[in-house]
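# Architecture at a glance
Here is how the chains run, residue by residue.
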Amino acid sequence: EVYDRVVAAKGPNAAALVTGEEQIWPEGARYLLCTAEAMPWQGRQADGQDVAFVAIDEAQLGQDRDRGHVFTTRLLHARGREETMILGSGALTPVVRDLVPEAEIITRPRFSTLSYDGPKKLQRLPPRSAIVAFSAEEVYAIAEALRRLSGGAAVVMGALSPSTRNAQVAMFQAGEVDYLVATDAIGMGLNLDVAHVAFAGLSKFDGQRQRRLTAAELAQIAGRAGRHQRDGTFGSVGGEPMFTDEEVAAIEGHHFPPVESLFWRNPQPSNDSIAALIADLEVPPPHPRLRPAPEAIDLAVLRQLADDPAIHVDDPAAVARLWSACSLPDFTKSGAHAHARFVARLWEQLGTGNGHLDADWYLARLHALDQIDGAVEVLADRIAQVRTWCYIAHRADWLADPVGMAEQARGVEQRLSDALHAALTA
C-alpha cells in the first residue's frame, strides 16, 4: 500500500518494493519499501549506499513469536543517516526508552472515536462491515453465508497473493460488495473504508496453542473501523456478547499494559562451523528488556540438517550459504520436518558443483503448479507453493538465470491469482 502511494507521488522509477517473494527495484530508485525481513541494514549494501531516512513500522511486532527477533534487530540497529522513525503502539514506550534512550517519544492521538456496538446477527450487520475470523474454513463459510444473504463479500487472508488480495480489496473499496470477510491479516498494513468490525471469534491458534487474543491485538484489528476523523464501531457476530467489560474499556480508551520485553536472537552469528552458528544463535540476550526468541523454523531446520550425514559443510562461506538455505520461509506451513526435507533437496544442488539449482528441475516443479482448475482452497495452496519458487528466484546466487526464472514464477502466480480472484468473486 505504501509502495503504491510513493509511486503515485514520485513515479514508478523512484520506488523499489522488496519482499521475500517480490522485487521491483528500478535503477536509481530513491525510496525502498520492504518487509522487515527483506530490509537492508544500511541502504542497499550491494552498491555501498546508505539512506537518509529509515522508518520501522509496527515495531510492537517485536513481541511476535515467529518474526519478533527480526523487528527487534531492526529497532536496535537499522538507522537512517539523518533520521530514524520507529512507529508502533504507545505500549512500547518503556521498552524503547530503555533500549534506545536517545529516541524522542512523540504521541499521536486518534482523531476518531472507536466504540463498542455489541453482538449482531450476520444478516443485521451494517453495510461497510468487515467480519474477522481466524481460520480459512470459517472465512469461506461466512463469505458463502453473506453471498446468500446479501449478494456477496470480498475476502482477505494472508494466504492470498498480493494481487488477489488487492483485487478483493478493490471490490470492497469500490462498493461492489458491502462486506469484507478477513483473517487478522487486515490488522496490518491495510487502510480500508470500514465503518464496523465484527469478530466471529476472539481466539486463534498462535502456532503452539489456541488462545484468546489480548486486548491490544483485538484493538489492532478493531481499529480498522473508522479512519482519521470518521468514527467507527466494533462488535461480534452472533446473539451473545463475546467481549468482556474490561476488554471493551481497554479498546475504547486505548489503555493497554506496557510492553515489558521484546524477542531477540543474535543477528550476527559466527559462520566458522555449523556448531558455532547454532551456539551463537543460542547466545542469551544482552539486555534485561530482551528475551530469547522461541526456536524459529529456520533454526529447527538447521538442527535437522546438522544431524544429516549427507550434509557436508567445511568452510565459513558454505556455512553461511547453508544458513541462507535454512532461512527459506515455509510458505506452505508444512512444519519443520517436511520443510527440512525440502531444504535438504535444495542443498544437494546449492552445496555442490557451481552452486546453482538445475534450471530444468526448477521449471519442472514450477510448471507442475501451473493449473488454474480446482476449488478455492486448492488454488490458495498452489499459490503458497509458488511463493517458494518466487523467493528462490530472487536469490541471485542460487540460479544461473534468476531474472528469467522470476518472470516465469510471476507468470504462474499471476495466472493462479486471477483464477483465485475469479473463484472468490463467484
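Reading guide: rules and limits
Residues numbered from 1 in each chain as written. Predicted model: local features only at pLDDT ≥ 70, side-chain atom pairs only at ≥ 80, totals over all residues. Heavy atoms only, no water. Pairing = 2+ DSSP bridges. Helix = DSSP H or I, 4+ residues; strand = E, 2+ residues; numbered from the N terminus. Axes fitted to C-alpha atoms, helices over the stretch in contact; angles between N-to-C directions. Contact = heavy atoms within 4.5 Å. Buried < 20%, exposed > 50% of the residue type's maximum accessible area, 1.4 Å probe, protein only. Phe/Tyr/Trp six-rings, centres within 6.5 Å; stacked < 30°, edge-to-face > 60°. Lys NZ or Arg CZ within 6 Å of the ring centre and 35° of its normal. Left-handed = near helix turned anticlockwise from the far one by under 90°. Core = buried A, V, L, I, M, F, W, Y, C linked by side-chain atoms within 4.5 Å. Polar contact = N/O pair within 3.5 Å; in protein donor to acceptor, adjacent residues only side chain to side chain. Right-handed = clockwise from strand over helix to strand, strands pointing away.

### As for the sheet that holds strand β13 (residues 232–237)
Here six strands make up an open sheet; going across it, the order is β6-β13-β10-β7-β9-β8 and the pairing parallel. In the strand order of this sheet, the two ends are held by β6 (114–120) and β8 (154–156), each with one partner. When the angles between neighbouring strand axes are averaged without regard to direction, this sheet yields 25°. Alignment of strand β7 (residues 129–132) against strand β10 (residues 196–199), held across four bridges, turns out to be parallel. Of the residues in β10, the one forming a bridge with A130 is V197. Along the sheet, helix α5 (residues 162–173) makes contact with β7, β8 and β9 (179–182), crossing β8 at roughly 140°. Packing against the sheet, helix α6 (residues 215–222) makes contact with β6, β7, β10 and β13, and its axis sits at approximately 135° to β10.

### Things to note about the side chain of Q349
Position of Q349 relative to the elements: it lies in helix α11 (residues 336–350). With residues near it in sequence (within four places) discarded, Q349 still touches G355, H356, L357, D358 and W361.

### As for the sheet that holds strand β3 (residues 31–34)
The sheet built from three strands is open, its strands ordered β2-β1-β3 with mixed pairing. Of all strands in the sheet, those bounded by a partner on one side alone are β2 (23–24) and β3. Sheet analysis places strand β1 (residues 15–18) next to β2, joined by two bridges and oriented antiparallel. By the bridge assignment, V18 is partnered in β2 with Q23.

### Examining the environment of L350
Structurally, the position occupied by L350 is in helix α11. Look at L350 and you get buried, because its relative accessible area is 2%. Taking the C-alpha atoms as reference, L350 lies 53 Å from P127; in sequence the two are 223 residues apart. Filtering out sequence-adjacent residues up to four positions away, L350 remains in contact with R321, A325, G355, L357 and W398.

### Some remarks on the packing of aromatic side chains
Per the stated rule, a full pass over the model turns up eight aromatic pairs. Ring geometry for F234 and F243: centres 5.3 Å apart, planes at 80°, overall edge-to-face. Given a relative accessible area of 0%, F234 falls into the buried group. On the accessibility criterion, F243 (7% relative accessible area) is buried. Their ring planes at 85° and their centres at 5.3 Å tell us that Y362 and W389 sit as a pair that is edge-to-face. In this pair, Y362 is assigned in helix α12 (residues 359–367) and W389 in helix α13 (residues 376–393), connecting sequence segments 27 residues apart. Through pairs of rings, three or more aromatic residues link up here, namely Y116, F199, F234 and F243. Lying over the aromatic face of F172, R128 brings its terminal NZ or CZ to 3.8 Å of the ring centre.

### Digging into the packing of α5 against helix α14 (residues 402–425)
Packing of α5 against α14 brings their axes to within 8 Å, and their N-to-C directions diverge by 35°. In this structure, the crossing between α5 and α14 has a hand that is right-handed. Counting all contacts with α5, which are made through P162, S163, T164, A167, Q168 and M171, the residues of α14 involved are E413, Q414, S417, L420, H421, L424 and T425.

### Digging into the nonpolar core
In terms of nonpolar packing, the biggest core is built from 68 residues, with I131, L302, Y362 and I392 touching the most fellow members. Broken down by element, the residue count for this core peaks at 10 residues, all from α13. I392 has contacts with L328, L346, L357, Y362, W398 and L399, leaving out every residue within four places of it along the chain. Counting residues in each nonpolar core, the second largest holds 29 residues, with V156, I186, L190 and V194 among its members.

### Some words on α12
Turning to α12, its buried residues number three or more, namely W361, Y362, L363 and L366. Of the surrounding elements, those touching the buried residues of α12 are α11, α13 and α14. The N-terminus of α12 is capped by D358, whose side-chain oxygen sits 3.2 Å from the backbone nitrogen of D360.

### Some words on the pairing of strand β4 (residues 53–56)
A regular strand places its side chains on the two faces of the sheet in alternate fashion. By the alternation rule, side chains of β4 split into V54 and I56, which are all buried, and F53 and A55, of which none is buried. Sheet topology places β4 next to strand β5 (residues 83–86); four bridges connect them, and they run parallel. Directly across from V54, in β5, lies its bridge partner T84. For the crossover from β4 across helix α2 (residues 68–77) to β5, the handedness is right-handed.

These figures come from the coordinates and say nothing about function on their own.
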